[in-house]
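Descriptive analysis of the structure
Here is how the chains run, residue by residue.
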Amino acid sequence: MAGQANSRDVVQRPDGTWAVTKPGSDRALHTAGTQAEAVERARELLHRDGGGELRIHGTDGKVRDQRTISPGNDPTPPKG
């Protein structure tokens, strides 16, 4: 699952904040004070970017939930 073309992870950082990351990246796309805020932001990012998989990690670092996010409304969908 790691390395999927369009997926995001919500993980807790050492300082207690929560980060939205892409698999294989060390840099956070977004940080939040709570896990719920980070999950919502990750969902918005995936929805806007065409959908994908959202993995939510617990405080122990293990995946505790995985969700498939559908794509958003594309104002210029492909023809055919």
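Summary of the structure given here. This structure is a prediction, so every number in the text was calculated from the model and none was measured. (Residues numbered from 1 in each chain as written. Predicted model: local features only at pLDDT ≥ 70, side-chain atom pairs only at ≥ 80, totals over all residues. Heavy atoms only, no water.)

Focus: the overall build of the chain
Within the chain one finds one helix and five strands. Sequence-ordered secondary structure for the chain, helices as α and strands as β, is β-β-β-α-β-β. Evaluated residue by residue, the chain yields a buried proportion of 31% over its 80 residues. Sequence separation of at least 24 residues holds for 33% of the intrachain contacts in the chain that already meet a minimum separation of 6. Accessible surface for the chain amounts to roughly 5300 Å². Of this, 48% is attributable to carbon and sulfur atoms. (Helix = DSSP H or I, 4+ residues; strand = E, 2+ residues; numbered from the N terminus. Buried < 20%, exposed > 50% of the residue type's maximum accessible area, 1.4 Å probe, protein only. Contact = heavy atoms within 4.5 Å. Areas by Shrake-Rupley, 256 points an atom, 1.4 Å probe, with all protein chains shown as cover.)

Side note on the pattern of salt bridges
By the definition in use, this model includes six salt bridges. Residue Arg-41 is joined to Glu-44 by a salt bridge in which the shortest nitrogen-to-oxygen separation is 3.4 Å. A residue pair is termed a helical-turn pair when its members lie 3 or 4 positions apart in one helix, as Arg-41 and Glu-44 do in helix H1 (residues 35-48) at three residues. With relative accessibility at 29%, the residue Arg-41 sits in the partly exposed group. On the accessibility criterion, Glu-44 (34% relative accessible area) is partly exposed. The salt bridge involving Asp-65 is made with Arg-67; its shortest N-O contact spans 2.9 Å. Owing to a relative accessible area of 25%, Asp-65 belongs among the partly exposed residues under this scheme. (Salt bridge = Lys/Arg side-chain N within 4 Å of Asp/Glu carboxyl O.)

A closer look at the nonpolar core
Residues Val-10, Trp-18, Val-20, Ala-32, Ala-38, Val-39, Ala-42, Leu-45, Leu-46, Leu-54, Ile-56 and Ile-69 constitute the largest nonpolar core, which totals twelve residues. Listing elements by their share of this core, those giving two or more residues are strand E2 (18-21), H1 and strand E4 (52-57). Setting aside anything within four residues of it in sequence, one finds Ala-42 in contact with Val-10, Val-20 and Leu-54. (Core = buried A, V, L, I, M, F, W, Y, C linked by side-chain atoms within 4.5 Å.)

Points about the sheet that holds strand E3 (residues 30-32)
Taken in spatial order, the five strands of this open sheet run E3-E2-E1-E4-E5, and their pairing is mixed. Taken across any chain shown, the strands that pair with only one partner, and hence form the sheet edges, are E3 and strand E5 (63-69). For this sheet the average axis-to-axis angle between neighbouring strands, irrespective of direction, equals 20 degrees. Across four bridges, the pairing between strand E1 (residues 7-12) and E2 is antiparallel. Considered in E2, the bridge of Val-10 is made with Val-20. Where H1 meets the sheet, its contacts fall on E1, E2, E3, E4 and E5, and the angle it forms with E4 comes to roughly 170 degrees. (Pairing = 2+ DSSP bridges. Axes fitted to C-alpha atoms, helices over the stretch in contact; angles between N-to-C directions.)

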